[in-house]
Amino acid sequence: MIGVETDRLVVVGLEARRARDPRLAGAKAAHLARAAAVGLPVLPGFVLVPAGAVDIESAPHAVTPSGGAADAAATVGAADAAATVGAAPRGEPPHEERELRRAWRELSGDGARPLVVRCSSAWEDAADSSLAGLFETVLDVRGWSDFTDAVRRVLRSAGRAPTGAAHGADTSHGGMAVLVQPMVRATVGGVMFGADPMAGRRDRVVISAVDGGPDRLVNGSVQGVRYHLTRHGRQVHTEPGEPRDARLLTRARQLRLLRLARDAQREFGGPQDIEFAFDAEDRLWLFQTRPITAMPPRPARRARLLGPGPVAETFPGVLQPLEEDLWLVPMAHGLAVALDIAGAAPRRRLRRLPPVTTVEGRAAADLRLLGAAPPTHRLLGFLNPAPAARRATAAWRMGRVRTTLPALALDLMADVDRYLSELPAPAQMLSGRLLAAVSWGRTVLSALHAQESLAGAVLGQGSGATAVGEALAVLAEARADEPDDARLIARHPVLLSLLPPALGPRPPLPGRPALTGVPRGTAVLPTREGLRLRVRWVQEMQTSMVRELARRLTAVELLDDPDRVALLRWAELTAAGDGKGLPADLRERLPRPQRSELPAAFRLADGLPVAEPGRRRAATDGQGAGGGFGSGTAWHGGGERPRFAVLVVRALDPALAPLLPGLTGLVAETGSVLSHLAVLAREYQVPTAVGVPDALERFPDGTRLTVDGGTGAVEVVRMSAVGAPPAAPPDGADRTEGMAS
């Protein structure tokens, strides 16, 4: 806490040159002083700064009626304490107290005009962090005693500053100044962003307005009316809609605000986050201006449309580097071969852009290449003769494929079965043969994926039987006689279709399902399902070979932990087999973290997924407040916090700010996307949706959620368990694996 009773405070008028120094006056006051100096509509006022931050002897003892173009030495110290607690000083008050009283008296009209006492901190309103709403603001301050109490409250709020928040600012004097200005009786107030902080668009201006002052908007208690404007003043849309004759912001007011946004951007070098108000005489006042923080990246105009859909069932989790090279790269090559044969895309594009890639370690497919999304311009597809010519050539090839693929697939599956059956146990193989088996697996996986994709296109589903259905039938019949997963899988390899591939520990099989049919054997599976099953068998073979290689590398002390083999690339592992050793930086490498599920459709911007906002908002959705896309477990703020928590609250109370770090989502029933807490959430990259109806009732504690900060959609994750649900994790352990991205 700040020792208010002994700190000497110096009065610095907003018109003084030194008030423009954020190291002295704090960022909020310094920005307003700069704005006033270039003619922006700023209220008069003064700043109280610690005496240790200035040379008191050089400060002239004068305060102007506007708050002073000069500086004055004063204290809220022992003499002031005596005056405010009733112990009247004997004789004449100290000179410092007289100067502070004089500044207050001239600004407030001897208490007749209410004041606003606000923090102006060295920590807040920086280019990379606003810490919006973290410190104290006291409105409607009347009388000398109330004024000094308000100053104390603001100074004490400096204790809320997070550790390390000063970003190198000089905080030797406590880092907190106090800004004092007249109170405006606003008819309309709000927040204006000189760019769209949710969509990352610098060609848009977003304004939220409410009746009265902006305080109800920034504290998250109301949503207000949100106006989306172009920088030239065209109104794009309004949320919610307003009657034409009852608009909070008329066309004239919108244009005045746009001029203010342009002037502030010109002065401060970038789009600003502005608090404003119109008074009873329709005068526009600037209350605060600061840089917009946490502007999300915006995808390039022709960025690919990606999504996990077509490959999520094969790779549901985060892939480590070696897993990517062993399994995803062959899949991408095989799909490219199938797409080339089908004439789905030019060969040059397929060489340049693989149909499957990884984003933050998760598999993602090109949705348009794989036909999971409609083309961007359907009319151009009819006008462009190149796709038609390519399809004509492909039709001839596909006709031949339809005739020959069943026999080719049977031959390929027979070759895979024969190779796998002839392999000895990994422990009995030389290291060179282990590497050769893994390399063969990469080659044959490409062929399996290509034929599996073509089989789906030209052969259909056949009998409709699936490898997963066969595995469930086997599990229902055999689980009672064999509780051990490893022995059960060795006896019935079809059970691998229930588990994703992984170089790490194998996940457990699901519990015994209800009997839905008798197992009939893998020979009756349709061609496509048979190919899919061989993909999984080859992946499991590669896993066993790599684990044995990792065990041997650990035995000769090239690896300190066999699990770290997954951090290698395939080329690095083969180089080690050639005697070139392992990479020197292997000890410093970290596993890819378990990030959240990818959005259903997204584009990349600076390597980060940005959800595609194509769908219409449902009545149960809220407003997206930014922060990206995340998933986790609903938490109402009480009890034990889940490992990946999505905080669900009634309102965006600024007191929730300490809970933001580490959240994977924030959902509020009320509040504005431009409120202080929403701004902070974007800075912490917490996906946020506000105005979500009945969120507390719809999403009780423990509900698995996804939160889209772009669209405002909050959805319950329906866990698609195979068979009976697994047993609850021991000791209440959290099984959620989502994080914010």
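This write-up is about the structure you can find in this document. Note that this is a predicted model, so its numbers are computed, not measured.

1. Section: the packing of helix H8 (residues 321–342) against helix H15 (residues 527–555)
Look at H8 against H15: their axes get within 11 Å of each other, and the N-to-C directions meet at 140°. Judged by the inter-axis angle, H8 sits oblique to H15. Helix-helix and strand crossings are classified by hand; for H8 and H15 the assignment is right-handed. Contacts between H8 and H15 involve Leu322, Leu326 and Trp327 from the first element and Gln539, Gln542, Thr543 and Val546 from the second.

2. Some details on the sheet that holds strand E23 (residues 704–708)
Read across the sheet, seven strands follow the order E18-E22-E21-E20-E19-E23-E24 without closing on themselves; strand pairing throughout is mixed. Taken across any chain shown, the strands that pair with only one partner, and hence form the sheet edges, are strand E18 (623–624) and strand E24 (714–716). Strand direction decides the pairing type here: E18 and strand E22 (residues 688–690), joined by two bridges, are antiparallel. For glycine 624, the partnering residue across the bridge sits in E22 and is alanine 689.

3. Regarding the packing of aromatic side chains
For the coordinates displayed, the defined rule picks out four aromatic pairs. Taken together, a centroid distance of 5.6 Å and an interplanar angle of 65° make the contact between tryptophan 104 and tryptophan 144 edge-to-face. Placement of the pair is tryptophan 104 in helix H3 (residues 95–108) and tryptophan 144 in helix H4 (residues 144–156), with a sequence separation of 40 residues. Here the aromatic rings of phenylalanine 276 and phenylalanine 278 are separated by 6.1 Å at their centres, their planes lie at 75°, and the arrangement is edge-to-face. Here the aromatic cluster, defined as three or more aromatic residues joined through ring pairs, consists of Trp104, Trp144 and Phe147. One Lys or Arg, arginine 253, reaches over the ring of phenylalanine 278 and ends 4.8 Å from the middle of that ring.

4. What to know about the nonpolar core
Of all hydrophobic cores here, the largest spans 52 residues; its most connected members are Leu322, Leu326, Val356, Leu448, Met545, Val565 and Leu573. Counting residues per element, this core draws most heavily on helix H12 (residues 431–458), which supplies 10 residues. Counting 39 residues, the second largest nonpolar core, distinct from the first, contains Leu24, Ala25, Val42 and Leu249.

5. Quick word on helix H13 (residues 467–478)
An ideal rise of 1.5 Å per residue puts 16 Å on 12 residues; H13 measures up with 16 Å between its terminal C-alpha atoms. The set of residues buried in H13 consists of Ala467, Glu470, Ala471, Ala473, Val474, Leu475, Ala476 and Ala478.

6. Here's the deal with the pattern of salt bridges
Counted under the stated rule, the structure contains 42 salt bridges. With a shortest N-O distance of 3.0 Å, aspartate 340 and arginine 347 are connected by a salt bridge. Residue classification places aspartate 340 among the buried residues on the basis of a relative accessible area of 19%. One salt bridge connects arginine 589 with glutamate 572, and the closest N-O pair in it is separated by 2.9 Å. Here glutamate 572 lies in helix H16 (residues 570–577) and arginine 589 lies in the loop between H16 and strand E16 (602–605), a separation of 17 residues in the sequence. Its relative accessible area of 18% is what places arginine 589 among the buried residues. Residues participating in the shared-partner salt-bridge network are Glu324, Asp325, Arg569 and Arg592.

7. Quick word on the sheet that holds strand E9 (residues 225–230)
In space, the six strands of this open sheet follow the order E10-E9-E8-E7-E11-E12, with antiparallel pairing throughout. Two strands lie at the open edges of the sheet, namely strand E10 (235–239) and strand E12 (284–291), each paired on one side alone. Neighbour to neighbour, the strand axes of the sheet diverge by 20° on average, direction disregarded. Note that strand E7 (residues 186–193) and strand E8 (residues 204–211) share six bridges and pair antiparallel.

8. Here we look at the side chain of threonine 706
Take threonine 706: it is sitting in strand E23. A residue is classified by how much of its surface remains accessible, and threonine 706, at 13% relative accessible area, is buried. With residues up to four places along the chain from it excluded, the contact list for threonine 706 reads Phe629, Gly630, Ser631, Ala713, Val714, Glu715 and Val717.

9. Things to note about the environment of threonine 466
Locating threonine 466 in the fold gives a position in the loop between H12 and H13. Threonine 466 sits in the partly exposed class, given a relative accessible area of 30%. Residues threonine 466 and arginine 532 lie 66 residues apart in sequence; the distance between their C-alpha atoms is 9.5 Å. Residues in contact with threonine 466, not counting those within four places in the same chain, are Leu525 and Glu529.

10. Remarks on the pairing of E8
Side-chain direction in a regular strand flips from residue to residue, so the side chains alternate between the two faces of the sheet. Within E8, seven of the eight residues are buried, which leaves the element mostly enclosed by the surrounding structure. Examined bridge by bridge, E8 and E9 share six bridges and lie antiparallel to one another. Counterpart to arginine 204 in the pairing with E9 is threonine 230.

11. Brief notes about the environment of arginine 202
As for its placement among the helices and strands, arginine 202 is situated in the loop between E7 and E8. Given a relative accessible area of 53%, arginine 202 falls into the exposed group. When the C-alpha positions of arginine 202 and methionine 295 are compared, they lie 9.4 Å apart, and in sequence the two are 93 residues distant. Excluding its chain neighbours within four sequence positions, the residues that come into contact with arginine 202 are Ala195, Arg231, Pro271 and Met295.

12. So, the packing of H8 against H12
Two packed helices can be described by the angle between their axes and the distance between those axes. Packing of H8 against H12 brings their axes to within 7 Å, and their N-to-C directions diverge by 40°. Classified by chirality, the crossing of H12 by H8 is right-handed. On the side of H8, the interface is formed by Asp325, Leu326, Trp327, Val329, Pro330, Met331, His333, Gly334, Leu335, Val337, Ala338 and Ile341, while H12 contributes Val438, Arg442, Leu445, Ser446, His449, Ala450, Ser453 and Leu454. Across the contact of H8 with H12, the residue classes tally to 13 nonpolar, five polar and two charged.

13. Some words on the pairing of strand E21 (residues 665–668)
Residues Gly665 and Val667 of E21 are buried on one face, and the alternating residues Leu666 and Ala668, pointing to the opposite face, are buried as well. Of the strand pairs in this sheet, strand E20 (residues 645–649) and E21 are connected by four bridges, and their pairing is parallel. Note that in E21 the partner of valine 648 across the bridge is valine 667. As paired strands, E21 and E22 are joined by two bridges and run parallel to one another. Bridge assignment links leucine 666 to a residue of E22, and that residue is threonine 688.

14. Observations concerning unusual backbone geometry
In this model, glutamate 239 is joined to proline 240 through a cis peptide bond whose omega is -15°. Among the structural elements, proline 240 can be located in the loop between E10 and helix H6 (251–268). A positive phi is found at aspartate 140, a non-glycine position, where the angle reads about 55°. If you trace the backbone, aspartate 140 turns up in strand E5 (residues 137–141). Looking at aspartate 140, the relative accessible area reads 34%, which means it is partly exposed. For aspartate 606, which is not glycine, the phi dihedral falls at a positive 55°. Summarising the element assignment, aspartate 606 is placed in the loop between E16 and strand E17 (608–611).

Definitions and limits used
- Residues numbered from 1 in each chain as written.
- Predicted model: local features only at pLDDT ≥ 70, side-chain atom pairs only at ≥ 80, totals over all residues.
- Heavy atoms only, no water.
- Axes fitted to C-alpha atoms, helices over the stretch in contact; angles between N-to-C directions.
- Helix = DSSP H or I, 4+ residues; strand = E, 2+ residues; numbered from the N terminus.
- Parallel < 35°, antiparallel > 145°, perpendicular 65-115°, else oblique.
- Left-handed = near helix turned anticlockwise from the far one by under 90°.
- Contact = heavy atoms within 4.5 Å.
- Pairing = 2+ DSSP bridges.
- Phe/Tyr/Trp six-rings, centres within 6.5 Å; stacked < 30°, edge-to-face > 60°.
- Lys NZ or Arg CZ within 6 Å of the ring centre and 35° of its normal.
- Core = buried A, V, L, I, M, F, W, Y, C linked by side-chain atoms within 4.5 Å.
- Buried < 20%, exposed > 50% of the residue type's maximum accessible area, 1.4 Å probe, protein only.
- Expected span 1.5 Å × (residues − 1).
- Salt bridge = Lys/Arg side-chain N within 4 Å of Asp/Glu carboxyl O.
- Nonpolar A, V, L, I, M, F, W, Y, C, P; charged D, E, K, R; others polar.

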